[in-house]
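Here is how the chains run, residue by residue.
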Amino acid sequence: MKKNISRRGFLKVLGGSAVAAGAMLAGCKNSSDGSSAQDDYKKQVEPPVGKMTYRTHPKTNEKVSLLGYGMMRLPNKPDSPKGQEEIDQEMVNRLVDYAIEHGVNYFDTSPAYCQGHSEESTGIALHRHPRDKYLVATKLSNFDPSTWSREASIKMYHDSMKALQVDYIDYYLLHGIGMGGMDNLRQRFLDNGLLDYLLKEREAGRIRHLGFSYHGDVEVYDYLLSQHDKYQWDFSQIELNYLDWDYANEINDRNTDARYLYAELEKRGIPAVVMEPLLGGRLASVPQFLATRLKQRDPERSVASWAFRYAGTPEGVLTVLSGMTYMEHLRDNLLSYCPLVPVTEEDTEFLYEVAREIVGVDAIPCNDCKYCMPCPYGIDIPGIFVHYNKCRNEGRLPVANMKDEYRKRRREYLIGLDRAVPKMRQANHCIGCGQCVEHCPQNIRIPQELHKIDKFVESLRRNPDAFESEENENDGQS
């Protein structure tokens, strides 16, 4: 794949200055002094009001907050049963109010998020504010073949407006182009005349900006951009972070790095909306030795803030989305963008060194996006992967050569797994049907990974002292 932008070219940025302080995202002991993320949150300062960095859309000249609120991972009521989570609307309202107070005006949702309830919850929270205070983005998430007809897809579009309580959508996306290749694109958007319909809706003003989010087959991405003169794309949503910039293939089994995706947009003057700046949290909970290096370089910044500043630095980026479940996440990200202090060329080279180290750590490239859910057999796929990756990144996986530490870490892993994922939803119930694979934007071979984890867990359950064989020991490190 040709890569058309140099690292120096990455650093064409907006100016700005600020002092940022914050905390790492939840759960891992990553601080240079060994303190936990929760300890870092206690040190968090209040982000300033009136200091948000904005980018200007080149076509409409409207100001868009560099921090965009991704409404994919909304908080649930604490007493909601696992698998039947109910959104905590009061907390969503508080988060949205705080975000708007601090200058956030871009809110991104989809009919597919939060088991189909994100748009409604987002609409309730935003409708309490004047319409000119926010920009709402949603998507035509017609993944299921039953929604590929023109009528079904148009209904989904109008249902989004109803759920969001709006009579126009600021940013509307064809969701997940590239998944399923060109045949999928034709059936979902082209052969049924749906894209032509959406272009007319843009002409009528009911869609103010039309774009697409990209996952998967780069042939589809290249095709849609080759048709830019015809469609006049207003923006495109791509995955961009300091790991994906050069290593998307190594970590996600894809052949398209973010360097290429961004360069193709930049040369056409199409603004980029960034998704997954943290790779589903992976760049906030990097292995401890790397977190220590990041904290030593700037003790006043959180591990996560490095990824956000990197993603927000290119001048072609319109907004950077973050799925902020807790107020601590929101505050930390606001500190990164109120205002943005762009990463320097030296910072960028340092982050690429960190990326090379991460590629050497064999983890499952799950972003916890939940596109693979629901599993027809009730398996909590992302929950299993997140627990495994968290223990691996913290250096807490039990392996045979640990001797004295093995028993302790074995117990911690098994108890932690049972707390995170009910036993009836763990990997041993996977039958390998493969239904999840086609929905994974990271191209993870999910059944194979689940079976490896199941074998690893079964080895831990059978062996309280150590693995019985070298084969099992290797499974623990796969």
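This is a predicted model, so every value here is computed, not measured.

Asker: How would you summarise the overall build of the protein if you had to cite specific residues and measurements?
Answerer: Within the protein, the regular secondary structure consists of 19 helices and 10 strands. For the protein, with 478 residues in total, the buried portion stands at 59%. Counting only contacts in the protein whose residues sit at least 6 apart along the sequence, the fraction spanning at least 24 positions is 76%. A total of about 19,600 Å² of accessible surface is found on the protein, and carbon and sulfur atoms cover 47% of it.

Asker: Before we move on, can you summarise the side chain of Asn 105 with the specific residues and values?
Answerer: Locating Asn 105 in the fold gives a position in the loop between α3 (89-101) and β4 (106-108). When its relative accessible area of 12% is taken as the criterion, Asn 105 is described as buried. A distance of 3.0 Å separates a polar side-chain atom of Asn 105 from the backbone oxygen of Lys 63.

Asker: Tell me what's going on with the pattern of salt bridges, and back it up with residues and numbers.
Answerer: Applying the stated criterion to the full structure yields 25 salt bridges. Put simply, Arg 259 and Asp 246 hold a salt bridge, and the shortest N to O gap is 2.9 Å. Residue Arg 259 is located in helix α11 (residues 258-266), and its partner Asp 246 is located in helix α10 (residues 244-252); the two are separated by 13 residues in the primary sequence. Asp 246 shares its class with Arg 259; the two are buried. A salt bridge links Arg 297 to Asp 347; the shortest N-O distance between them is 3.2 Å. Note that Arg 297 is positioned in helix α12 (residues 288-297) and Asp 347 in helix α15 (residues 345-359), a separation of 50 residues in sequence. Here Arg 297 falls in the partly exposed class, since its relative accessible area comes to 33%. For Asp 347, a relative accessible area of 11% translates into the label buried. Several salt bridges converge on common partners, so that one network encompasses Glu 62, Arg 131, Asp 170 and Arg 208.

Asker: Break down helix α16 (residues 381-393) for me, citing the residues and quoting the values.
Answerer: For α16, spanning 13 residues, the distance from its first C-alpha to its last is 18 Å, which sits close to the expected 18 Å at 1.5 Å a residue. Taken together, the buried positions of α16 are Ile 381, Pro 382, Gly 383, Ile 384, Phe 385, His 387, Tyr 388, Asn 389, Cys 391, Arg 392 and Asn 393. The opening residue of α16, the one whose side-chain oxygen lies 3.0 Å from the backbone nitrogen of Gly 383, is Asp 380. Of the residues trailing α16, Gly 395 is marked for its positive phi of about 70°.

Asker: Summarise the packing of aromatic side chains; cite the residues concerned and give the values.
Answerer: Within this structure, the stated rule accounts for 17 aromatic pairs. For the pair Tyr 171 and Phe 235, a centre-to-centre distance of 5.1 Å together with 75° between the ring planes defines the contact as edge-to-face. Taken together, the residues Tyr 171 in strand β6 (residues 169-177) and Phe 235 in strand β8 (residues 235-239) connect sequence positions 64 residues apart. Residue Tyr 171 shares its accessibility class with Phe 235, and that shared class is buried.

Asker: I'd love a proper account of the sheet that holds strand β5 (residues 135-140), names of residues and values included.
Answerer: Pairing is parallel in the closed barrel, where eight strands are placed in the order β3-β4-β5-β6-β7-β8-β9-β10. Here the average twist between neighbouring strands, direction ignored, is 30°. With three bridges connecting them, β4 and β5 associate as parallel partners. Note on β5: the bridge partner recorded for Asp 108 is Ala 137. Together, β5 and β6 form the strand contacts of helix α6 (residues 181-190), whose direction differs from that of β6 by roughly 145°. Docked against the sheet, helix α14 (residues 327-337) engages β3 (67-70) and β10 (317-322), running at close to 155° with respect to β3.

Asker: For the side chain of Thr 138, give the residues involved together with the corresponding values.
Answerer: By the secondary structure assignment, Thr 138 is in strand β5. Contact partners of Thr 138, with chain neighbours within four places excluded, come to Thr 109, Ser 110, Pro 111, Glu 119, Ser 160, Leu 164, Ile 169, Tyr 171, Tyr 172 and Leu 173.

Asker: Give me the lowdown on the packing of helix α8 (residues 218-226) against α11, citing residues and values where you can.
Answerer: Between α8 and α11, the shortest axis-to-axis distance is 11 Å and the interhelical angle comes to 10°. When the interaxial angle is binned, α8 and α11 end up roughly parallel. From α8, Val 218, Tyr 221, Asp 222 and Leu 225 reach across to α11, where they touch Tyr 260, Leu 261, Glu 264 and Leu 265. In the contact of α8 with α11, the residues fall into six nonpolar, no polar and two charged.

Asker: Tell me about the environment of Phe 235, and please be specific about residues and values.
Answerer: By relative accessible area, which is 0% here, Phe 235 ends up buried. It is 8.8 Å that separates the C-alpha atoms of Phe 235 and Leu 173, two residues lying 62 residues apart in sequence. For Phe 235, the residues in contact, after removing those within four places along its chain, are Tyr 106, Tyr 171, Tyr 172, Leu 173, His 209, Leu 210, Gly 211, Phe 212, Ile 270, Pro 271 and Val 273.

Asker: Lay out α11 in plain terms, naming residues and giving numbers.
Answerer: Summarising burial for α11: eight of the nine residues are buried, a large majority. For α11, the set of buried residues is Ala 258, Arg 259, Tyr 260, Leu 261, Tyr 262, Ala 263, Glu 264 and Leu 265.

Asker: How would you explain the nonpolar core if you had to name every residue and give the values?
Answerer: If you look at the biggest cluster of nonpolar residues, it comprises 99 residues, and the most contacted ones within it are Phe 107, Tyr 242 and Leu 330. Apart from the residues within four sequence positions on either side, Tyr 242 is in contact with Leu 283, Val 286, Leu 294, Ala 307, Tyr 310, Leu 351, Tyr 352, Val 354, Ala 355 and Ile 358. Counting 27 residues, the second-largest nonpolar core is a separate cluster that includes Ile 384, Cys 391, Ile 446 and Leu 460.

Asker: Hey, could you go over unusual backbone geometry for me, with residue numbers and the actual values?
Answerer: Note that the residue after Cys 338, namely Pro 339, is joined by a cis bond; omega there is -10°. Structurally, the position occupied by Pro 339 is in the loop between α14 and α15. With an omega of 0°, the peptide bond between Met 373 and Pro 374 qualifies as cis. Its location among the elements puts Pro 374 in the loop between α15 and α16. Here the phi dihedral of Gln 232 falls at roughly 50°; this positive angle occurs in a residue that is not glycine. Its place among the elements puts Gln 232 in the loop between α9 (228-231) and β8. With a phi angle near 50°, Leu 279 is a residue other than glycine that sits in the positive phi range. Relative to the helices and strands, Leu 279 resides in the loop between β9 (272-275) and α12. Given a relative accessible area of 0%, Leu 279 falls into the buried group.

Each value, and the rule that gives it
Every chain is numbered on its own, with residues counted from 1 as its sequence reads. Residues qualify for local features only when their pLDDT is at least 70, as the model is predicted, and side-chain atom pairs are given and counted only at 80 or more; totals for whole chains, interfaces and linings, by contrast, use all residues. Water and hydrogen atoms were dropped before computing side-chain values, which therefore reflect all heavy atoms in the structure. Secondary structure elements are defined from DSSP: runs of H or I of at least 4 residues count as helices, runs of E of at least 2 residues count as strands, and each element is numbered from the N terminus. Only protein chains enter the calculation, and the probe is 1.4 Å; a residue is then buried if its accessible area is under 20% of its type maximum, exposed if over 50%, and partly exposed in between. By definition in these notes, contact holds between two residues if any of their heavy atoms fall within 4.5 Å. Accessible surface is estimated by sampling points in the Shrake-Rupley manner with a 1.4 Å probe; for residues, cover comes only from the protein chains shown. Polar contact criterion, stated in full: a pair of N or O atoms within 3.5 Å, where within protein one must be able to donate a hydrogen and the other to accept it, and residues adjacent in sequence count only if both atoms are side-chain atoms. Between Lys or Arg on one side and Asp or Glu on the other, a salt bridge is scored when a side-chain nitrogen of the former is within 4 Å of a carboxyl oxygen of the latter. Multiplying 1.5 Å by the residue count of a helix minus one yields the expected span of that helix. Pairing of aromatic side chains requires ring centres within 6.5 Å, counting the rings of Phe and Tyr and the six-membered ring of Trp. Pairs whose planes differ by under 30 degrees are stacked, by over 60 edge-to-face, and all others tilted. Paired strands are those between which DSSP finds at least two bridges. Here the axes come from fitting lines to C-alpha atoms, over the contacting stretch only for helices, and the angles between their N-to-C directions go from 0 to 180 degrees. Working rule for angles: under 35 degrees goes down as roughly parallel, over 145 as roughly antiparallel, 65 to 115 as roughly perpendicular, anything else as oblique. For this classification, Asp, Glu, Lys and Arg are treated as charged, while Ala, Val, Leu, Ile, Met, Phe, Trp, Tyr, Cys and Pro are nonpolar and the rest, including Gly, are polar. Residue types Ala, Val, Leu, Ile, Met, Phe, Trp, Tyr and Cys, when buried and joined through side-chain atoms within 4.5 Å, form a set referred to as a nonpolar core.

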